Amino acid sequence: MVVVSRRKSVGLFIALSVGLISVILLLYVGWVLLSWRTGVLLFLGILLLAMLISGVILNTFFLVREIRRNEQHDAFINAVTHELKTPIASIRLYLQTLQTRPVDDAKRAEFYRTMVEDSDRLLATVEQVLRTGRIGSAKGKPNLARIDLGEVVEECVTRARTLYHLAPEALAYTPGAGASILADMDEVQAAISNLIENAVKYSGGQVRVTVETATVDEEHVAVRVHDHGTGIPKTELKQIFKRFHRAPGPVAARIPGTGLGLYIVRSVAKRHGGRAWAESEGPGRGSTFVLQLPIAR
Amino acid sequence: MSRDSAHNAARRGAESQRPSGAVARAGRRALLVVEDERHLADGLRFNLEAEGYQVQVAETGEEALEAFAGGAPSFDAMVLDVMLPGKDGFTVISELRQAGQFIPTLILTARGHPDDVLKGFAAGADDYLTKPFDLAILIARIRGLLRRSEWVRSEAKAPLPQRPKDRFTFADKTVDFNLLELRVKDHVFPLTLMEMNVLRYLIQHESETVSRKKMLEQVWGLHEDTDTRAIDNFIVRLRRYLEDDPARPRHLLTVRGLGYRFVANPVKTD
């Protein structure tokens, strides 16, 4: 309901600006008709008019952008609320169950496992939010060290296999020529893990993800994460890397997320002098995410 | 349902708020839990089954609607999450209500903003609880919902003299407590269980001013500091049904700062 009223107010502001511009134009035409003989005044008038119109347009532009941003922020708060409260609710439910009911040993072990998984999920969300804050601020510089990219990727893949209970053929890793990079271990790990997590999350029923590292040219090495999942429409390929942005549509709405993952990937790439982008043939045809980083000399 | 079982229901309700062991009864009552988070769904199932209920879990809004699609479903109450894949909980409950399905429903969600709570009640929910929740309170509220629907049913089958009649007629309107209907001239408005309970309570206290807090306690069985504005929402809906001009109510009057008053036969002002 709130979103609808925002849409209305965006429309209202655009209408207001169009109205104001037409009033200005009308006044100006009248003014030209009255004083078309005096050249200097005419020139001055054109200048003022141009300033006025660009002012109104700029104002509207920023206002609309601000409203959009606010909307995304709301969506983010909603998503984070859900991501934080759900595991807490679950842990609490299981703790209270154990507190108030007789539970046999097998069930008890299962409950403990569930609670550990929930606390992992909670931790992941908290870390994601904290990392966004760290990376977003210009002050925090990456803690650079020479690391082997292949090793990092392999570690991330192994961790993802245990985390999502995947067989090696469901999440395959093809190592390329080894390359070392100058990077912040923690940040690069987070970026690669985010890409793998997305690939798994958006795979739909059957997970078939391949991760590969390959040197692009003499100066760059790339990590490519390829999935056969829901795919991405052309218009969204760039948008999805924006902070808080989440792909619209019924398929994506089923998948929980904060809208921070790819923003972190892109920020990490930028901080290391690299690039991150997505490729997709379109909805339903899978997608490939590429993280390209400079090779350390 | 006999008066005896209504008595039983009342006694069960008066039991301690702590979850107890399984209640051994023939004909267990069935609950539908609509929850997409597997961990929560499993935990709820375990606890509700330990309470002696039969539990079915639906993971999406569509699945929940399907569970009711095949004619007369055998659920006595529903626990409904809001943020679901596909159709969300608000859509599910309002579609069910529109289709004439008045199953007692508790919305269980992480969304605790007053706007969300109001939206939930407006969509037709009977109760609203936010996550993270207290297990004992959740179970108490589910019991409350079941108890109330049992009372309604037992009243419908065995009306007691001191209780209001099955029908109540005022001005040109008739409330049928049995059929959950409100007839205004030629129109028939189906009422939800909670709408009818609110209206019944107001009719029972005709010409008296009843406070929002009192209504929450008596109609919902709540004693916490719940947002009492949820009631206003019910009043707005009831006014829409039974007032000629909902903006200038003549039957359901607001008593500023206190609550509401039901007037069956208002004095003509014109």
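Residues numbered from 1 in each chain as written. Chains lettered and ligands numbered in written order. Predicted model: local features only at pLDDT ≥ 70, side-chain atom pairs only at ≥ 80, totals over all residues.

1. Looking at the overall build of chain B
As a reminder of what qualifies: Here a strand is any run of E in DSSP of at least two residues, a helix any run of H or I of at least four, and the numbering for each starts at the N terminus. Residue burial is a threshold on neighbouring C-beta atoms within 10 Å of the residue's own C-beta, all placed from the backbone, with 20 or more meaning buried, 12 or fewer meaning exposed, and counts in between meaning partly exposed. Whether two residues are in contact depends on their C-beta atoms, placed from the backbone: they are in contact if these lie within 7 Å.
Secondary structure summary: chain B contains nine helices and twelve strands in total. Counting across all 270 residues of chain B, residues that qualify as buried make up 34%. Long-range contacts, defined as pairs at least 24 residues apart, comprise 60% of the intrachain contacts of chain B with a sequence gap of at least 6.

2. Remarks on the overall build of chain A
The helix and strand inventory of chain A stands at seven helices and seven strands. Going from the N terminus to the C terminus, chain A shows its helices and strands as α-α-α-β-α-β-β-α-β-β-α-α-β-β. For chain A, buried positions account for 27% of its 297 residues. Partitioning the intrachain contacts of chain A with sequence separation of at least 6 by distance along the chain shows that 72% fall at a separation of at least 24.

3. Here we look at the interface of chain B and chain A
What counts, and what does not: Charged residues are taken to be Asp, Glu, Lys and Arg, nonpolar residues to be Ala, Val, Leu, Ile, Met, Phe, Trp, Tyr, Cys and Pro, and polar residues to be all remaining types, Gly included.
With 17 residues of chain B at the interface, the matching set in chain A holds 18 residues. With six residues, the single largest contributor to the side of chain B that touches chain A is helix α2 (residues 38-50) of chain B. Looking at the side of chain B that touches chain A, its residues break down into ten nonpolar, four polar and three charged.

4. Focus: the confidence of the model for chain B
All names here are of chain B. Defined as follows: Residue-level confidence of the predictor, termed pLDDT, takes values from 0 up to 100.
In the predicted model, chain B carries a mean pLDDT of 80, and 81% of its residues have values of at least 70. Note that pLDDT drops below 50 for residues 1-26; the model gives that stretch 35 contacts with residues more than four away or on any other chain. Overall, residues 160-164 carries pLDDT values under 50, and its contacts beyond four positions in sequence, including any with other chains, amount to five contacts. Model confidence for the complex is summarised by a pTM of 0.64, with the ipTM given as 0.70.

5. Focus: the sheet that holds strand β6 (residues 167-170) of chain B
All names here are of chain B. Rules: Strands qualify as paired when DSSP identifies two bridges or more between them. A fitted line through C-alpha atoms represents every axis, and for helices the fit uses only the stretch in contact; the resulting angles, taken between N-to-C directions, go from 0 to 180 degrees.
Spatially, the four strands line up as an open sheet ordered β6-β7-β8-β9, and their pairing is antiparallel. In this open sheet, the two edge strands, each paired with only one partner strand, are β6 and β9 (187-190). For this sheet, the mean angle separating the axes of adjacent strands, direction not counted, is 15°. When β6 meets strand β7 (residues 173-176), the two strands line up antiparallel, connected through four bridges. Within the sheet, the bridge partner assigned to Thr169 lies in β7 and is Thr174. Against the sheet, helix α9 (residues 229-242) touches β7, β8 (181-184) and β9, its axis set at about 40° to β8.

6. Regarding the sheet that holds strand β10 (residues 209-211) of chain B
Residue and element names in this part refer to chain B. Pairing within the open sheet is antiparallel, and its three strands lie in the order β10-β12-β11. Each end of this open sheet is capped by a strand with a single partner; those strands are β10 and β11 (252-255). Strand-to-strand twist across the sheet, computed as the mean angle between neighbouring axes with direction ignored, equals 35°. As judged from the four bridges shared by β11 and strand β12 (residues 259-262), these two strands associate in the antiparallel manner. Bridge pairing in β12 places Leu252 opposite Phe262.

7. Comments concerning the pairing of strand β5 (residues 127-130) of chain B
All names here are of chain B. Let me state the cut-off plainly: Seen with the strands pointing away from the viewer, any crossover whose path from the first strand over the helix to the second strand runs clockwise is right-handed.
Bridging between strand β4 (residues 105-109) and β5 involves four bridges; their strand directions are parallel. Residue pairing across strands places Thr109 opposite Thr130, the latter belonging to β5. At this point the chain moves from β4, through helix α5 (residues 114-123), to the parallel β5, and the crossover so formed is right-handed.

8. Observations concerning the nonpolar core
The condition is simple: Under the definition applied here, buried Ala, Val, Leu, Ile, Met, Phe, Trp, Tyr and Cys residues are grouped into a nonpolar core through C-beta atoms within 7 Å.
Membership of the largest hydrophobic core comes to 63 residues, with the highest contact counts inside it found for B:Leu31, B:Val33, B:Val34, B:Met78, B:Val79 and B:Leu80. Here the element with the most residues in this core is α9(B); it accounts for six residues. Sequence-distant contacts of B:Met78, that is, excluding residues within four places in its chain, are made with B:Leu31, B:Leu32, B:Val34, B:Ile103 and B:Thr105. Counting 41 residues, the second-largest nonpolar core is a separate cluster that includes A:Tyr202, A:Val209, A:Ile232 and A:Phe241.

9. Topic: α5(B)
Residues and elements named next belong to chain B. Residues of α5 that are buried include every one of Val117, Lys119, Gly120, Phe121 and Ala123, and no others. The secondary structure elements touched by the buried residues of α5 are α4 (89-98), β4, β5 and α9. Note on α5: the residue one or two positions beyond its end, Gly124, has a positive phi of about 120°.

10. Description of the environment of B:Asn197
Tracing the backbone through its elements, the reader meets B:Asn197 in helix α7 (residues 193-204). Each C-alpha atom of the pair B:Asn197 and B:Val219 lies 6.5 Å from the other, and the pair is 22 residues apart in sequence.

11. Some words on the pairing of strand β5 (residues 220-227) of chain A
Residue and element names in this part refer to chain A. Bridging between strand β4 (residues 209-215) and β5 involves six bridges; their strand directions are antiparallel. In the sheet register, Val211 faces β5, and the bridge partner there is Val225. Linking β4 to β5, which pair antiparallel, is a turn of four residues. Where β5 lies against strand β7 (residues 287-294), eight bridges are found, and the strand directions are antiparallel. The partner of Val223 across the bridge, within β7, is Leu291.

12. Quick look at the packing of helix α3 (residues 105-136) of chain A against helix α7 (residues 261-271) of chain A
Residues and elements named next belong to chain A. The test is simple: Crossing handedness: left-handed means the near helix sits turned counterclockwise from the far one by under a right angle, and right-handed means the same turn made clockwise.
At a minimum axis separation of 10 Å, α3 and α7 run at an interaxial angle of 35°. Pair α3 / α7 crosses with left-handed handedness. Judged by residue contacts, Gln128, Arg131, Thr132, Ile135 and Gly136 of α3 engage Gly261, Tyr263, Ile264, Ser267, Val268 and Arg271 from α7. Of the residues assigned to the contact of α3 with α7, the class counts are four nonpolar, five polar and two charged.

13. Considerations on the environment of B:Thr192
Within the secondary structure, B:Thr192 is located in the loop between β9 and α7. Contact partners of B:Thr192, with chain neighbours within four places excluded, come to B:Arg97, B:Phe102 and B:Gly124.

14. A few points about the environment of A:Leu144
All names here are of chain A. Relative to the elements of secondary structure, Leu144 occurs in the loop between α3 and β1 (145-148). The partly exposed category is assigned to Leu144, around which 15 C-beta atoms lie within 10 Å. Separated by 38 residues in the primary sequence, Leu144 and Leu182 have C-alpha atoms spaced 5.9 Å apart. If we ignore the near neighbours within four places in the chain, the residues touching Leu144 are Leu182, Ala183 and Asp184.

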